[in-house]
Structure formats: C-alpha cells, structure tokens
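This is what each chain is made of:
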Amino acid sequence: MERRFVRRMALGLVLGALTIIPAVSASAGSMPGREPEAVRGRGFDHVAVLPALLPNSKENTSTIAQNNGTAPATIVMDIYTPAGVLIPSATVAYSNVPPGGTRVFAQALNSGLTPGFRGVGVISSDQPINALLVRDIESNVNFAKSYSIHNAYATGGTKVTLPYVANALNGLYNTRFAVANTGTTEACVTITYVFPGSSAAPVVDAGSGSLACSGGGYRIPVGGQIAFAPTAVDGAIPMPAATTNSLMAATLQTSSSTITVAVDAYLSGGLRKLASYDGFIVEPASASDLGTQISMPLAIKLDGFYTQYLLSNPNPTATTATITYVGNTGTYTVNLNIPANGTASHSVYEAAGGIPEGFVGAATITASQPIAAVLFRSKMTAPGSFVDEDLYTAVNGIPVNKATTTAKLPLIFRRAYQTGSFSGYNTWVSVSVADGGTANVTITAINDTSNTAPGCNAPGTYTTTKTINGSFIFYQNANVDTGLGASPPSCFWGGMTITSDRPIVVIANATNDLNRGDNDGLYNAFSN
C-alpha cells in the first residue's frame, strides 16, 4: 500500500524542527522591535536560549517547554532578530502550566512573524523549565518531510567541540552549524577544523572585515547568532575553501562571552535525511560535556537499522578509546586511537568489533582523556544493502558521571492523529542504567491539555513502575510497557518524568507514519 501524505498543520509545527539551532540570516520579515537588550528573561529566574531557524514557507520550528518546577508556571517565549532586537508582537505566553506539564510554541502560527523570518527564541518562566526546538522542513518537489530535534539550554561555554562536521563530502554530505551568544557581552568566535587521523593540517577561521571583532574572531552580538554551512544559502557564512569535500571535527572558542552551538547534518540531494546534535562544552570545566567514560544509550544492527559513533578529542595530546558494546547477542569491543585535537569514528558495519546482524543494545566508551561522542542512527533498505532510506537521527553521548536519577522528556506521543491504518505520531523512550546494573524506575506522564490533536487533549496523569536490567525501551505505540500506565490512553501528547534509584541515561525518539521522508527526531532527556 502506498504511504499517503497527510498534512497535519498543527502537528507539523510541533514535530518538525530542530532544537536550539542558532539561526542565520537577518530577519527577513518581522514586526519592528526595539534595540538589543543585554538582559533577557522578563525578570524570571529561569531562561532557555533557542537560537533557531524560524518560519519560512518550507521550513518551520516549534518550541516545546516543560515545567520543571514544583508549582504551576507561567511560560513566555520572546523572539529576537539575529542582531538581538526583540520583536514584541511575536511574544507568546501560557499561564498555569502544571508541574511536569508542557506547552508548544509554534512559530508558523505566530502572527507576529512573517514568512522568511529567522532569529533567536528565548523561553522564560517563573519555574525551572526544559525546552526543545523541533524543526520541520518540507520538500518543494514531493512534500517529503525532514524532522529533527535539539535540546535548549540557558547557558553555553567559552569552548565548544563538534565531533562531526562535513563540507560537501563526496558532493553529498553536509553540516550546517549555528552559534548563538548566551552571554551578556559581545562574543568573538574562532573556529578550528581538524581532520581524521591528522590527514591534513588544521584550518583556523577567525573571520575578517566587518564580520570580525577587532582582536579577531567572528562577531556575535548579545542575544544574536551566526551560522556556517558549505555555501551562503539562507545567509550562512561559507566554511573555508580548504575544508571542501572533507569530514572533520571542529572546536569553537571565545574568550569574551559564552556560546551554544547546534549542528544539522543533511544531504544536498536525493534522500531527505536530517539529523541534529548539540555542541559539547569543553570549557569552563565546571560545565564540561566531555568524559573519560561515556554512555551511548543506543546501539543497533537490526533489520537495516544501524548506528555509528563519532568521537572528538579536543585535547592537545592523542588519546586512546575503547567502545564496549553490550546487547542481546553478547559483548563486543573496539579500540580506537584519536589524534590530538582530532576525530575518529566507528560503525556497527565495520569489521572491527565483529558485531553481528540482530544486535540491539547500548555501549560505553572509555578514553584515556576527556572526549566527546555523538551517536548517529540510520536505516538501510535491507541489512547490509548499504542503500540508505531517509531515516537519519543523532543524539549526544552522555558522560557516565553526569548520569542522574531523574530524566525529563518534554515531547512524548502516543497515536496522535492516528487515522485508518496509520499510527500517527508516536515516540519510544530508551532508558540505560549508567553502570550497566539494575534500576527501579517510576515514570509519570502528563498530557498537554492545550494540544490540537483530535481527542487527545483530555487531562490525564499516568504512572508506571519498572525494574530495568541494563537497558530497556518503552514503545508508546505498544499495548504493554508503554510508560503510560497499566491502561494507556488511546491518544497522548505531553511530557514525561522518569525517576530512578540508580543513575540513568535516557533518550527519546519521535516519529510518524503520516508523511513521506525522514520522519524521526531523536533527543536527550534533561537530567535535572
């Protein structure tokens, strides 16, 4: 049966974007605003910065905010131009959001923005919050979709590393990364590109002319953002010519402010692949996302699904790393050498490790120095065919010492917009015990009463308990072990909180079978 293309306007706004993606071009359509402000957040104590690509005719973003506090929250979204100018007409507010509850800010429905606008979103609240940015890109040719999800954070770092960057590799593989200033002073950013195995000398890009600060580095105003890509499309700054047709890692550094970085990986033709991950903070050390033992909460080589890990060593000396895969078919190890300021990778289809078809599990990466690792998940048409389908997702590896006993997930679906033989929008949630042992978890899911899916906005709180040995995946579209209570609702669109008696690492994947294209978005749970 041919897959039908079903347009779900309200849902497409939600599950279709990228979280925390600092956007690029100047505001190409917005209501007049006031001059840049050095302080944001409306006087609230809790703020999340979503440098993001916002609506144009074929690309839209939505923000999902979750009340992470203990009392009902007022949650407000303000939107700024890339130059840091507030657009008052675009502000949206929700009040009385229950603890653990969620609300969606859909930029395509925001009457204060016009098609073509790109800018930065700032979520603020009188309670602690978690926020995701979801991106939805639609093809001009066949209406095929590409989805992806980013986590948004209130603060950034002075040094950030990106384990995977591509500039027209083989004329096909690309990345676009966006950099937002999360500090209170102008940021001056220098980028160093490095190549696998030190196959070429590093390329340093500090900007020039009007784009650069007087002391060097790309200039980013307070609350502003810039983006880099293979070409100047959508207002991005082209990556240096010396990086063309290359696979790389990159490190961004600023001494004048803090930044946050979001990366989109995509193909320049053919498949509708889009995957996103967040830059890893290296400095300050107190906020570092690096680790010597990293939990990779998913590893798979099954029915065409496969994973690949990309590692980045931002240190001035070489490091060794061992990947230990543990799953349903056994334990497998892979040893890697990562040059100073270099990168390395491993796919389950490589000979090293001997991972068999049918493997499903997780992995731990142990390194002699702190490193970063990002997980990519794809799908072939059949096992070993090496012909990919559209599906493409990415998520950050988490240092084991940063695993916590609480995980918050702002975007959870069960059969939203289900119709006929189509299941609609659904999620799965993977829970890994950080030390590989046994954990007892309690899951609480709260429905969003403001959602627009038919029959899906009734108030509801659902509780589940489960003992997990090593790792476990809760499929919300299943009939058992959904994480939505003993009697799951027929439809759910809301948020989830997981508590555990042992530290855990959690990721979630949102997908749908209503649209053509890459319908999956993978994201890290908030560990707070």
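Summarised in this report is the structure supplied together with it. Throughout this description, residue numbers start from 1 for each chain and increase along the sequence as written. Per-residue local features are limited, in this predicted model, to residues with pLDDT of at least 70; the limit for side-chain atom pairs, both in listing and counting, is 80 or more; totals at the level of whole chains, interfaces and linings are taken over all residues. Side-chain measures were taken over the full set of non-hydrogen atoms in the model, leaving aside hydrogen atoms and water.

1. Observations concerning the overall build of the protein chain
Here is step 1 of the chain: Within the protein chain, the regular secondary structure consists of one helix and 35 strands.
Here is step 2 of the chain: To sort residues, take the accessible area from a 1.4 Å probe on protein chains only and compare it with the maximum for the residue type: under 20% means buried, over 50% means exposed, and anything in between is partly exposed. Expressed as a percentage of its 528 residues, the buried residues of the protein chain come to 59%.
Here is step 3 of the chain: Should any heavy atoms of two residues lie within 4.5 Å, those residues are considered in contact. Counting only contacts in the protein chain whose residues sit at least 6 apart along the sequence, the fraction spanning at least 24 positions is 78%.
Here is step 4 of the chain: Surface accessibility follows the Shrake-Rupley procedure with a 1.4 Å probe radius. Residue values consider only the protein chains on display as shielding. Within the structure as shown, the protein chain displays about 18400 Å² of accessible surface, and the carbon and sulfur contribution to it stands at 53%. Helix and strand definitions here come from DSSP, where helices need a minimum of 4 consecutive H or I residues and strands a minimum of 2 consecutive E residues; each element is numbered from the N-terminal end.

2. Regarding the side chain of Ser288
Here is step 1 of the chain: By the secondary structure assignment, Ser288 is in the loop between strand 19 (280-283) and strand 20 (291-302).
Here is step 2 of the chain: Side-chain atoms alone can form a polar contact between residues adjacent in sequence; in general such a contact is a pair of N or O atoms within 3.5 Å, and within protein one must be able to donate a hydrogen while the other accepts it. A distance of 3.1 Å separates a polar atom in the side chain of Ser288 from the backbone nitrogen of Leu290.

3. Details of the side chain of Thr102
Here is step 1 of the chain: Within the secondary structure, Thr102 sits in strand 5 (residues 102-106).
Here is step 2 of the chain: On the basis of relative accessibility, which here comes to 2%, the residue Thr102 falls in the buried class.

4. Considering the pairing of strand 11 (residues 187-194)
Here is step 1 of the chain: The buried fraction of strand 11 amounts to six of the eight residues, a majority that puts the element mostly inside the structure.
Here is step 2 of the chain: Between any two strands, at least two bridges found by DSSP are needed for them to pair. Sheet topology note: the strand 11/strand 16 (residues 246-253) ladder contains five bridges and is antiparallel. Across the sheet, Thr190 pairs through a bridge with Gln253, a residue of strand 16.
Here is step 3 of the chain: Examined bridge by bridge, strand 11 and strand 12 (residues 203-205) share three bridges and lie antiparallel to one another. Across the sheet, the residue bridging to Tyr193 is Val203, located in strand 12.

5. What to know about empty space enclosed by the protein
Here is step 1 of the chain: Cavities and pockets are defined on a 1 Å grid built over the protein atoms alone: a cavity is a set of grid points where a 1.4 Å probe fits but cannot escape, while a pocket is an open set with protein on both sides within 12 Å along at least five of seven lines, and lining residues are those with an atom within 4 Å of any such point. Grid points are joined across faces, edges and corners, and a volume is the space filled by probe spheres set on the points. Throughout the structure, instances matching the rule amount to one cavity of 30 Å³ or more.
Here is step 2 of the chain: Taken together, Ile149, His150, Asn151, Ser276, Tyr277, Asp278, Ala394, Val395, Asn396, Leu522, Tyr523 and Asn524 make up the lining of the largest cavity.

6. Section: the environment of Thr442
Here is step 1 of the chain: Here Thr442 shows up in strand 30 (residues 438-447).
Here is step 2 of the chain: By relative accessible area, which is 31% here, Thr442 ends up partly exposed.
Here is step 3 of the chain: Each C-alpha atom of the pair Thr442 and Asp501 lies 9.2 Å from the other, and the pair is 59 residues apart in sequence.

7. Here we look at the sheet that holds strand 8 (residues 145-152)
Here is step 1 of the chain: Taken in spatial order, the five strands of this open sheet run 5-2-7-8-34, and their pairing is mixed. One side of each edge strand has no neighbouring strand; the edge strands of this open sheet are strand 5 and strand 34 (517-518).
Here is step 2 of the chain: Taken together, the five bridges between strand 2 (residues 59-67) and strand 5 define a ladder with antiparallel strand orientation. Directly across from Thr63, in strand 5, lies its bridge partner Phe105.

8. A word on the sheet that holds strand 15 (residues 237-238)
Here is step 1 of the chain: Judged by pairing direction, the sheet is mixed, and its five strands sit side by side in the order 15-14-10-17-18 without closing on themselves. Lying at the two open borders of the sheet, with one neighbouring strand each, are strand 15 and strand 18 (274-278).
Here is step 2 of the chain: Of the strand pairs in this sheet, strand 14 (residues 225-229) and strand 15 are connected by two bridges, and their pairing is parallel. Looking across to strand 15, one finds that Ala229 is bridged to Pro238.

9. Observations regarding the state of the cysteines
Here is step 1 of the chain: Put simply, a disulfide is two cysteine sulfurs that come within 2.5 Å. Going through the model one piece at a time under the given rule, you end up with two disulfides.
Here is step 2 of the chain: Here Cys188 engages in a disulfide with Cys213; their sulfurs sit 2.0 Å apart. With the S-S dihedral at roughly -95 degrees, the linkage between Cys188 and Cys213 falls on the left-handed side. Of this pair, Cys188 sits in strand 11 while Cys213 sits in the loop between strand 12 and strand 13 (218-220); the two residues are 25 residues apart in sequence, bridging distant segments of the chain. For the residue pair Cys188 and Cys213, the accessibility class agrees, reading buried in each case.
Here is step 3 of the chain: By sequence order of its bonded cysteines, the protein chain has the disulfide arrangement 1-2, 3-4.

10. Points about the pairing of strand 20
Here is step 1 of the chain: Counting buried residues in strand 20 gives nine out of twelve residues, a clear majority hidden from the surface.
Here is step 2 of the chain: In terms of strand pairing, strand 20 meets strand 25 (residues 359-380) through eight bridges, oriented antiparallel. Residue pairing across strands places Ser295 opposite Thr364, the latter belonging to strand 25.
Here is step 3 of the chain: For strand 20 and strand 27 (residues 398-399), the ladder comprises two bridges, and the chain directions are antiparallel. Across the sheet, the residue bridging to Ser295 is Ile398, located in strand 27.
Here is step 4 of the chain: Across two bridges, the pairing between strand 20 and strand 21 (residues 305-313) is antiparallel.

11. Some words on the pattern of salt bridges
Pairing of side chains with opposite charge becomes possible as their charged atoms draw close.
Here is step 1 of the chain: Salt bridges are identified by distance alone: a Lys or Arg side-chain nitrogen within 4 Å of an Asp or Glu carboxyl oxygen. With the rule as written, the count across this model stands at ten salt bridges.
Here is step 2 of the chain: A salt bridge links Arg176 to Asp264; the shortest N-O distance between them is 3.5 Å. With Arg176 in strand 10 (residues 173-181) and Asp264 in strand 17 (residues 259-267), the pair connects residues that are 88 residues apart, well separated along the chain.
Here is step 3 of the chain: As a salt-bridge pair, Asp435 and Arg502 come within 2.4 Å of each other at their nearest N and O atoms. Of this pair, Asp435 sits in the loop between strand 29 (425-433) and strand 30 while Arg502 is found in strand 33 (residues 492-512), placing the two residues 67 residues apart along the sequence.
Here is step 4 of the chain: Within this structure, Arg135, Arg176 and Asp264 form a network of salt bridges that share partners.

12. Let's talk about unusual backbone geometry
Here is step 1 of the chain: In this model, Glu283 is joined to Pro284 through a cis peptide bond whose omega is 5 degrees.
Here is step 2 of the chain: Within the secondary structure layout, Pro284 lies in the loop between strand 19 and strand 20.
Here is step 3 of the chain: With a phi angle near 50 degrees, Ala168 is a residue other than glycine that sits in the positive phi range.
Here is step 4 of the chain: One non-glycine residue, Tyr417, adopts positive backbone phi at about 65 degrees.
Here is step 5 of the chain: Inspection of the secondary structure assignment puts Tyr417 in the loop between strand 28 (404-414) and strand 29.
Here is step 6 of the chain: Residue classification places Tyr417 among the buried residues on the basis of a relative accessible area of 9%.

13. Quick notes on the packing of aromatic side chains
Here is step 1 of the chain: Any two rings among Phe, Tyr and Trp, with Trp reduced to its six-membered ring, count as a pair given centres within 6.5 Å; such a pair is stacked if its planes are under 30 degrees apart, edge-to-face if over 60, and tilted if neither. Taken as a whole and judged by the stated rule, the model has 17 aromatic pairs.
Here is step 2 of the chain: On the basis of an interplanar angle of 55 degrees and a centroid distance of 5.5 Å, the ring pair of Phe413 and Tyr425 is categorised as tilted. One end of the pair, Phe413, is in strand 28; the other, Tyr425, is in strand 29, and twelve residues separate them in sequence.
Here is step 3 of the chain: The class for Phe413 is buried, based on a relative accessible area of 0%.

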